[in-house]
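Summary of the model geometry
The chain contents come next:
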Amino acid sequence: MFATTSKGVILFILCVPLPIGNSLGIPVLMTGIRRYTHIGNRSFAIGLFYVILNVAALLAGPIVDFCTISYNVKSDNTEEALWVLTSYRLILLTGIVANVIAVLISFTVREIKLECEYNSLMTATNESYLDDYGNHPENEDGATDSASKIASFNPVRGSVWTILKETFAAKRFWRFLIVCLITSNVRMIFRHLDATLPTYLVREFGEKTPKGFIHAIQPAIIVVLVPIMTGATANIDPLVCIHFGTYVSAASVFPLALSNSIAASVLFVTILSIGESIWSPRFYDYSLNMAPEGREGTYMAMSSAPLFLAKLPVGFISGWLLQKYCPEEGESHPQMMWLIIGVSAIISPILLTLLWSYVSKKDDDDYQIASKKELHSVMT
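Residues numbered from 1 in each chain as written. Predicted model: local features only at pLDDT ≥ 70, side-chain atom pairs only at ≥ 80, totals over all residues. Heavy atoms only, no water.

1. So, helix α7 (residues 171-182)
Between the first and last C-alpha of α7 there are 17 Å, a value that for 12 residues agrees with the 16 Å anticipated at 1.5 Å per step. Every buried residue belonging to α7 is among Arg172, Phe173, Arg175, Phe176, Leu177, Val179, Cys180 and Ile182, and all of these are buried. (Helix = DSSP H or I, 4+ residues; strand = E, 2+ residues; numbered from the N terminus. Expected span 1.5 Å × (residues − 1). Buried < 20%, exposed > 50% of the residue type's maximum accessible area, 1.4 Å probe, protein only.)

2. Notes on the environment of Val186
Tracing the backbone shows Val186 in helix α8 (residues 184-195). Discounting chain neighbours no more than four positions away, the residues touching Val186 are Thr246, Ser249, Ala250, Trp279, Ala345 and Ser348. (Contact = heavy atoms within 4.5 Å.)

3. So, the packing of α8 against helix α11 (residues 238-251)
It is at 10 Å that the axes of α8 and α11 come closest, and there the two elements cross at 45 degrees. Taken as axis vectors, α8 and α11 run oblique relative to one another. Considering the relative orientation of α8 and α11, their crossing is left-handed. Along its contact with α8, which presents Val186, Ile189 and Phe190, the element α11 presents Thr246, Ser249 and Ala250. Here the residues of the contact of α8 with α11 sort into 4 nonpolar, 2 polar and no charged. (Axes fitted to C-alpha atoms, helices over the stretch in contact; angles between N-to-C directions. Parallel < 35°, antiparallel > 145°, perpendicular 65-115°, else oblique. Left-handed = near helix turned anticlockwise from the far one by under 90°. Nonpolar A, V, L, I, M, F, W, Y, C, P; charged D, E, K, R; others polar.)

4. Some details on the pattern of salt bridges
Evaluated as defined, the whole model comprises 3 salt bridges. Among the ionic pairs, Asp194 bridges to Arg191, the shortest N-O distance being 3.1 Å. Of this pair, Asp194 and Arg191 both sit in helix α8, 3 residues apart, which is roughly one turn of that helix. On the basis of relative accessible area, Asp194 is assigned to the partly exposed category, the value being 41%. (Salt bridge = Lys/Arg side-chain N within 4 Å of Asp/Glu carboxyl O.)

5. A word on the environment of Ile63
On the secondary structure map, Ile63 appears in helix α3 (residues 42-71). For Ile63, a relative accessible area of 37% translates into the label partly exposed.

6. Things to note about helix α2 (residues 17-36)
When the terminal C-alpha atoms of α2 are compared, their 28 Å separation across 20 residues agrees well with the 28 Å that a helix rising 1.5 Å per residue should span. Of all the bends in α2, the largest measures some 30 degrees and sits at Gly25, one to four residues before the proline Pro27. Considered for burial, the residues of α2 that qualify are Pro27, Met30, Thr31, Ile33, Arg34 and Arg35. (Bend = angle between axes of the 7 residues up to and from the residue.)

7. Focus on the packing of aromatic side chains
By the definition in use, this model includes 13 aromatic pairs. Centre to centre, the rings of Tyr200 and Trp338 are 5.5 Å apart; their planes meet at 85 degrees, and the pair counts as edge-to-face. Here the residue Tyr200 occupies a position in helix α9 (residues 197-205), and Trp338 occupies one in helix α15 (residues 334-354), the gap between them amounting to 138 residues. Given a relative accessible area of 0%, Trp338 falls into the buried group. Consider the rings of Trp320 and Tyr325, whose centres lie 6.2 Å apart with planes at 85 degrees: the pair is edge-to-face. Tyr325 sits in the buried class, given a relative accessible area of 15%. The rings of Phe176, Phe190, Trp279, Phe283 and Tyr286 are connected pair by pair, giving a single aromatic cluster. Here the basic side chain of Arg187 rests over the ring of Phe283, its NZ or CZ set 4.5 Å away from the ring centre. Lying across the ring of Tyr325, Lys324 places its NZ or CZ 5.7 Å from the centre. (Phe/Tyr/Trp six-rings, centres within 6.5 Å; stacked < 30°, edge-to-face > 60°. Lys NZ or Arg CZ within 6 Å of the ring centre and 35° of its normal.)

8. Re the packing of α11 against helix α13 (residues 262-290)
Their axes nearest at 8 Å, the elements α11 and α13 cross at an angle of 150 degrees. The orientation of α11 with respect to α13, classified from their angle, is roughly antiparallel. Regarding α11 and α13, the two cross each other, and that crossing is left-handed. Across the interface between the two elements, Pro238, Leu239, Cys241, Ile242, Phe244, Gly245, Thr246, Val248 and Ser249 of α11 pack against Ile271, Leu272, Ile274, Gly275, Glu276, Ile278, Trp279, Arg282, Phe283, Asp285, Tyr286 and Asn289 of α13. Among the residues forming the contact of α11 with α13, the class breakdown is 13 nonpolar, 5 polar and 3 charged.

9. A few points about the nonpolar core
One finds Leu197, Tyr200, Phe268, Met337 and Trp338 to be the most contacted residues of the largest nonpolar core, which totals 45 residues. Per-element accounting of this core gives the leading share, 8 residues, to α13. Setting aside chain neighbours within four positions, we find Tyr200 in contact with Phe205, Leu256, Asn260, Ser261, Ser265, Leu322, Cys326, Pro334, Met337 and Trp338. Judged by nonpolar contacts, the second largest core, of 12 residues, contains Tyr50, Val51, Tyr284 and Met300. (Core = buried A, V, L, I, M, F, W, Y, C linked by side-chain atoms within 4.5 Å.)

10. Looking at the confidence of the model for the protein
Put simply, the protein has an average pLDDT of 79, and 81% of its residues get 70 or more. Across residues 118-146, confidence stays below pLDDT 50; counting only partners more than four residues off in sequence or on other chains, it has 58 contacts. This model gives residues 366-380 a pLDDT under 50, and the stretch forms 44 contacts once residues within four places in sequence are excluded. (pLDDT = per-residue confidence, 0-100.)

11. Focus: a nonpolar patch on the surface
A surface patch of nonpolar side chains, amounting to about 490 Å² of accessible area, comprises Tyr247, Ile347, Ile350, Leu351, Leu354 and Leu355. In terms of residues, the nonpolar patch owes the most to one element, α15, which gives 4 residues. Within the secondary structure layout, Ile347 lies in helix α15. (Patch = residues over 30% accessible without salt bridge, like charges linked within 9 Å, V, L, I, M, F, W, Y side chains within 5 Å. Areas by Shrake-Rupley, 256 points an atom, 1.4 Å probe, with all protein chains shown as cover.)

So this is what it looks like as structure tokens:
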């Protein structure tokens, strides 16, 4: 898109290669985290990954402002044959540079997996793991080593049909899928943060409203809170964090349902960010723990699907709500708009509560047993 002047080429890139790349992004990155961590330090690694994502979000704002305000070059020529380095092409160029650096770094990545042995795991998790006979896992010499070791990884191969058949046959997959679908409602809030909040702020409080500053509160809080929350909840079941965090995130909308003010908008973003720091990184942790070795990509793709499913209706819902309750002209009732959004979001944690006995069920097919076997395979 950076080099072309053809609308057809741009539309093709937007509809074909870009979605393919996006669909590979998070699943591949999270699979890499699975390979380069063990169950004792995985939560911390995911938290660090999530912080880096939000640091990138913080940096993106100033970069876009520089390109569109300081540089501010526009193409006045309507002829497609003439190419000009406009502000938006400069933004695309920064993305190209970042991706070229990422590609070069990717050549240093090895196909390995990190395995943690018994004492190291006990120190990290404060838990006691037993093998299938009720004994502590040991090495061949009878010792319980405390070091992690690197092993080669051979991908689990199979046809698409075989992979899907194995996945659908697993009980934990259906519990995992239900959790993913349930959380799609609360995930819509993050899309309303991008799609609904800026328009609401401009229509209610004017063009000079610092909407960019208000939006920047989210990544700033995430960068600070995620390492703290990750450390504080490292020994807590990720599903428990998801359950509690979704209540916090869903509750964030109701200040705007009670008060039509900038202060309420700031409170909304603040509470939403606190909730996100509690459960969103742990959702990745939960996804990786649920996934059998070699099938992480399938599970991560399923965990990402609700986020993209949430994007589909939010555009239409946001437009309809803004038109009905917060129009550009005429009488507005924005508090009703936010009440509708809040009620739809609170459904997610309530459903988790109602279905808790099922989604939190532990049996021989669950991720804790999988983690135990992953550990035991190193010792035996």
